[in-house]
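So the chains spell out like this:
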Amino acid sequence: MRQFTAVVNPTAGGSTGAAALLAVARLLREAGAELDTEYSHSLPHAQDLARQAGKRGRVVLAVGGDGITGCVGGALSGTGALFGIVPAGRGNDFARALGLPAEPVELARILLHHEPRPVDTIEVSSAVHDRTVVLGSVYAGVDALANRHANRARLLRGTASYYAGALRAVATWRPVRYRVTVDGEDHPHTGYTVVVANSGYYGSGRLIAPGARLDDGLLDVVMIREAPRRLFFALMNELSSGAHVHRPEVRVLRGREVRVEADRPVPYGADGEVEADLPVTVRVLPGALQVLA
């Protein structure tokens, strides 16, 4: 029988994470599994807790949204430790890409009985972060700024907070001249954003990269070029289905290593956390994480 350690960030998601964990924890324990709960006081602390539990041979559960899921999964990348997710955040985009159910009975069954699935992770390198590993995507531009606004929102939650954040970011955005290098080949780009995606979803269920796969050893690079603001908002609406990729303003490339630079300070984010300004280098780590999904 598997032994679990749940890593919870009590400052993220309020009581939502605790409530989601309680429902699943009861089912795991009723089935005879052992479950410990560790409360972190920061994302780096959550990573430390995850590594320690993984070294003891325990299945490490990230309880919360994409921030803690990305940091805990990143900490376990390349270690061989088993990783599970109890989705309890605003976005839950990586859990969505894995097809994880929200219903506790189905989720507990997966955690107890499913064989691990190897998925790719992303190594992120910049002047600020020597080597950080995340799971879902790295995005540079108006969406990173929008995510910053969404994370600071007090009155709105979920998709509404991201949409309001995007409105605020787009209203003041000036197109950026990017230099995007994919596997050594340069692709000049002027526009709103560059998204380097392992998972198809970001921004609370928006299907930014519908062709992305978690286990193909490739990253999808989605670039939205300069266009009137009204057209950008139309593109935003199409993100719910992925139809935006058929527009001429959107270009999609694929590769294993991507470097993104810009002609002015531009924020980038990863897995829901805005981290620093460009430039940044992103590299896929094929099959580096063992996930129960």
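Parameters at a glance
Residues numbered from 1 in each chain as written. Predicted model: local features only at pLDDT ≥ 70, side-chain atom pairs only at ≥ 80, totals over all residues. Heavy atoms only, no water. Helix = DSSP H or I, 4+ residues; strand = E, 2+ residues; numbered from the N terminus. Rg over C-alpha atoms; globule rule 2.2 N^0.38 Å. Buried < 20%, exposed > 50% of the residue type's maximum accessible area, 1.4 Å probe, protein only. Areas by Shrake-Rupley, 256 points an atom, 1.4 Å probe, with all protein chains shown as cover. Lys, Arg positive; Asp, Glu negative; His and termini not counted. Charge placed at Lys NZ, Arg CZ, Asp CG, Glu CD. Salt bridge = Lys/Arg side-chain N within 4 Å of Asp/Glu carboxyl O. Core = buried A, V, L, I, M, F, W, Y, C linked by side-chain atoms within 4.5 Å. Contact = heavy atoms within 4.5 Å. Axes fitted to C-alpha atoms, helices over the stretch in contact; angles between N-to-C directions. Parallel < 35°, antiparallel > 145°, perpendicular 65-115°, else oblique. Left-handed = near helix turned anticlockwise from the far one by under 90°. Expected span 1.5 Å × (residues − 1). Polar contact = N/O pair within 3.5 Å; in protein donor to acceptor, adjacent residues only side chain to side chain.

Trainee: How should the overall build of the chain be read in this particular structure?
Mentor: Counting secondary structure elements, the chain contains 8 helices and 17 strands. Here the C-alpha atoms of the chain give a radius of gyration of 18 Å, agreeing with the 19 Å that 2.2 N^0.38 yields for 293 residues. Expressed along its principal axes, the backbone C-alpha trace of the chain runs to roughly 55 × 40 × 30 Å. Taking all 293 residues of the chain together, 55% fall into the buried category. Put simply, the chain shows about 12,500 Å² of open surface, and 50% of that area lies on carbon and sulfur atoms. Distance between charge centres in the chain, computed from 32 positive and 30 negative side chains, equals 5 Å.

Trainee: Please clarify how unusual backbone geometry should be interpreted in this entry.
Mentor: As a rule of thumb, non-glycine residues mostly have phi less than zero, and peptide bonds are mostly trans rather than cis. Note that the residue after Leu278, namely Pro279, is joined by a cis bond; omega there is 10 degrees. On the secondary structure map, Pro279 appears in the loop between strand S16 (273-277) and strand S17 (280-292). Its identity as a non-glycine residue notwithstanding, Asp183 has a phi of 50 degrees, on the positive side.

Trainee: Help me understand the pattern of salt bridges in this model?
Mentor: Note that side chains of opposite charge can pair when their charged atoms are close. Applying the stated rule across the entire model yields 13 salt bridges. The partner of Arg179 in a salt bridge is Asp186, and the shortest N-O contact between them spans 2.8 Å. Judged by its relative accessible area of 37%, Asp186 is partly exposed. Three or more residues joined by partner-sharing salt bridges are found here, namely Glu34, Asp36 and Arg58.

Trainee: Help me understand the environment of Leu167, please; the structure alone is not making it clear to me.
Mentor: By secondary structure assignment, the location of Leu167 is in helix H7 (residues 158-171). The partly exposed category is assigned to Leu167, whose relative accessible area is 37%. Measuring from C-alpha to C-alpha, the distance between Leu167 and His149 comes to 9.8 Å, with 18 residues separating the pair along the chain.

Trainee: Before we go on, may I ask you to explain the nonpolar core in this structure?
Mentor: The nonpolar side chains of a soluble globular protein tend to be buried with one another. In terms of nonpolar packing, the biggest core is built from 48 residues, with Tyr178 and Val260 touching the most fellow members. Excluding residues within four positions of it along the chain, Val260 makes contact with Ala140, Tyr178, Arg179, Val194, Val196, Leu278, Pro279 and Val280. Among the nonpolar cores identified, the runner-up in size contains 45 residues, and Val7, Leu35, Ala50 and Ala62 belong to it.

Trainee: Teacher, can you tell me more about the packing of helix H2 (residues 43-55) against helix H3 (residues 66-76) here?
Mentor: Between two packed helices, both the angle of their axes relative to each other and the distance between the axes serve to describe the pair. Contact pair H2 / H3: the axes reach a minimum separation of 8 Å and the direction vectors enclose 40 degrees. The orientation of H2 with respect to H3, classified from their angle, is oblique. Here H2 runs over H3; the crossing is right-handed. Of the residues in H3, those in contact with Leu43, Ala46, Gln47, Ala50 and Arg51 of H2 are Gly67, Ile68, Cys71, Val72, Ala75 and Leu76.

Trainee: It is not clear to me how the packing of helix H1 (residues 16-30) against helix H5 (residues 104-113) should be interpreted in this structure. Could you clarify?
Mentor: Two elements in contact, H1 and H5, have axes separated by 9 Å at closest approach and are oriented at 50 degrees. Between H1 and H5, the interaxial angle falls into the category oblique. By crossing handedness, the relation of H1 to H5 is classed as right-handed. For the pair H1 and H5, contact is made by Ala23, Val24, Leu27 and Leu28 and by Pro104, Val105, Leu107, Ala108, Leu111 and Leu112, respectively.

Trainee: Would you explain H1 in this entry?
Mentor: Helical geometry note: an α-helix holds 3.6 residues per turn, so side chains three or four residues apart project in the same direction. With 15 residues, H1 ought to run about 21 Å at 1.5 Å a step, and its terminal C-alpha atoms sit 22 Å apart, in line with that. Every buried residue belonging to H1 is among Gly17, Ala20, Leu21, Val24, Ala25, Leu27 and Leu28, and all of these are buried. Packed against the buried residues of H1 are strand S1 (3-8), strand S2 (34-39), strand S3 (59-64), strand S4 (82-87) and H5. Immediately downstream of H1, the backbone of Gly32 shows phi near 100 degrees, a positive value.

Trainee: Is there a simple way to explain the environment of Thr69 in this structure?
Mentor: With respect to the helices, strands and loops of the structure, Thr69 is situated in helix H3. Its relative accessible area of 2% is what places Thr69 among the buried residues. Apart from residues lying up to four places away in sequence, Thr69 is in contact with Ala62, Gly64, Phe83, Ile85, Phe94 and Leu135. Within the structure, Thr69 has its side chain in polar contact with the backbone oxygen of Gly65 (distance 2.8 Å).

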